[in-house]
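Spelled out, the chains give:
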Amino acid sequence: MSDTPVLSVRDLTVEIPTRGAVLRPVDAMSYDIAAGEILGVVGESGAGKSMTGNAVIGLLDPPAHIAGGEVLLNGRRIDDLSLRQIRRVRGAEIGMVFQDPLTSLNPLIPIGEQLVETMITHLDISQAEARKRAVAALDEVGIPGASERIDSYPHEFSGGMRQRVVIALALCAEPSLVIADEPTTALDVSVQAQIIALLRRLCRERGTAVMLITHDMGVIAETADRVAVMYAGRLAELGPVREVLSRPRHPYTEGLMGSTPAASAGRPRLHQIPGAMPRLGHLPPGCPFHPRCPRAQADCTRDPGPTLAACDGRAACWHPVNVTDAEVSR
């Protein structure tokens, strides 16, 4: 197996020029995703999670654009491709699962035709073979009576079943990377668990890399191998999911964990991070979290703020939590 990551993002920066200032919803993001690995990307609304995924797949709406850094897919740079070239990459090499399956499915076309069209576009197979594979794909994602329901329309399926169809659509051309943007938010809890288990199983079996974007720490805990915590467009913490959730080092990550019902068990009220995420046009100097941080000190207001590389490689924080004496002395 190759040591080259399926996805390698290096200092990715997205800018949006406005009349008053240039906004940076994604600021110098760097991470890798290996084959068969699920990287969870978590943070509050507005942290830049979806913008990061859209930048990787080339779906930024102008005037938003990639202003710096690189995106490599299986060692090949894709952020500088033309619109025509990146369209060839989508579907064939990168699959996308959106929060609302109806944004991915054409309501006027049977789901089987949509699967067949995707496979014929990206794979060198016949119409008959594509239809055969479409039935197999629907069966694989748990659509009952796949051979009979292949000619059904999207509105004839429940929300959970539509999301299964979208997963089949994302995987049918055998991509090496899947970006799943809040794939379970609109579903009830029991269906959420089924969809997450399905996505995890299929990607493990196929060796597909997954970028799972969510605000739900429970989904991250159940699904991801590693987790990237974003705040105000920057990477606050990155590490193995069990280590980050059990011993968070960034105060923001600690606050997120403390605000979940499981972590707050026994307390009369859930823990709450004071204040709100700053607007992109009014970011504070230094660490963007320091106005809300209980551990903030004078050096936290330095410009530029801390980065993973400048700190311990795990958390972009000058004063991390849950650090042992041995780690401090290194």
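This text goes with the structure placed above it.
Just checking my understanding: could you explain the pattern of salt bridges for this structure?
Side-chain pairs of opposite charge can arise whenever the charged atoms involved come near each other. All told, the structure shown has 18 salt bridges when counted by the stated rule. Between aspartate 32 and arginine 10 there is a salt bridge, and its shortest N-O distance comes to 2.9 Å. In this pair, aspartate 32 is assigned in strand β2 (residues 22-33) and arginine 10 in strand β1 (residues 7-17), connecting sequence segments 22 residues apart. For arginine 10, a relative accessible area of 34% puts it in the partly exposed group. Residue glutamate 140 pairs with arginine 206 through a salt bridge whose shortest N-O separation is 2.7 Å. Residue glutamate 140 is located in helix α4 (residues 127-140), and its partner arginine 206 is located in helix α7 (residues 189-206); the two are separated by 66 residues in the primary sequence. The structure contains a network of salt bridges with shared partners spanning Glu15, Arg24, Asp27 and Arg234.

Explain the packing of aromatic side chains to me, please; I cannot follow it from the model alone.
Geometrically, a pair of aromatic rings is defined through the distance of the ring centres and the angle of the planes. Across all of its chains, the model carries three aromatic pairs by this definition. Consider the rings of tyrosine 231 and phenylalanine 289, whose centres lie 5.2 Å apart with planes at 80°: the pair is edge-to-face. Of this pair, tyrosine 231 sits in strand β9 (residues 226-231) while phenylalanine 289 sits in the loop between α10 (251-258) and α11 (325-328), placing them 58 residues apart in sequence. Among the residues examined, tyrosine 231 registers a relative accessible area of 3% and is labelled buried. Each member of the aromatic cluster is reached from another via a ring pair, and the members are Tyr231, Tyr252 and Phe289.

What is the right way to read the side chain of histidine 319 from this model?
Within the fold, histidine 319 resides in the loop between α10 and α11. In this structure histidine 319 comes out as buried when scored by relative accessible area, which is 17%. Beyond its immediate chain neighbours, meaning those up to four positions away, histidine 319 contacts Pro251, Arg295, Gln297, Asp299 and Cys300.

Can you help me understand the nonpolar core in this one?
In a soluble, globular protein the nonpolar side chains are often hidden away together inside. With 97 residues, the main nonpolar core has Tyr31, Leu138, Ile167, Leu177 and Ile179 as its most contacted residues. Residues lining this core come from more than one domain, with at least three contributed by each of domain 1 (34-58 + 80-230) and domain 2 (253-329). Among all residues touching isoleucine 179, those that are not within four sequence positions of it are Gly53, Val56, Ile57, Ile94, Gly95, Met96, Val97, Met211 and Ile213.

The rules behind each value
Along each chain, residues carry numbers from 1 onward, in the same order as the chain's sequence is written. This being a predicted model, a pLDDT of at least 70 is required before a residue's local features are given, and a value of 80 or more before pairs of side-chain atoms are given or counted; all residues contribute to the totals for chains, interfaces and linings. Water and hydrogen atoms were dropped before computing side-chain values, which therefore reflect all heavy atoms in the structure. Here, a salt bridge means any side-chain nitrogen of Lys or Arg that lies within 4 Å of a carboxyl oxygen of Asp or Glu. A helix here means a DSSP run of H or I that spans at least four residues, while a strand means a run of E at least two residues long, and both kinds are numbered starting from the N terminus. With a 1.4 Å probe rolled over the protein chains alone, any residue whose accessible area is under 20% of its type maximum counts as buried; one over 50% counts as exposed, and the rest are partly exposed. Note on ring pairs: Phe, Tyr and Trp rings are taken, using the six-membered ring of Trp, and paired if centres are within 6.5 Å. Classes follow the plane angle, with under 30 degrees stacked, over 60 edge-to-face and the rest tilted. Contacts: residue pairs with any heavy atoms within 4.5 Å of one another. Remark: nonpolar core denotes a set of buried residues (Ala, Val, Leu, Ile, Met, Phe, Trp, Tyr, Cys) joined through side-chain atoms within 4.5 Å. As annotated, the domain borders come from an automatic or database domain assignment.

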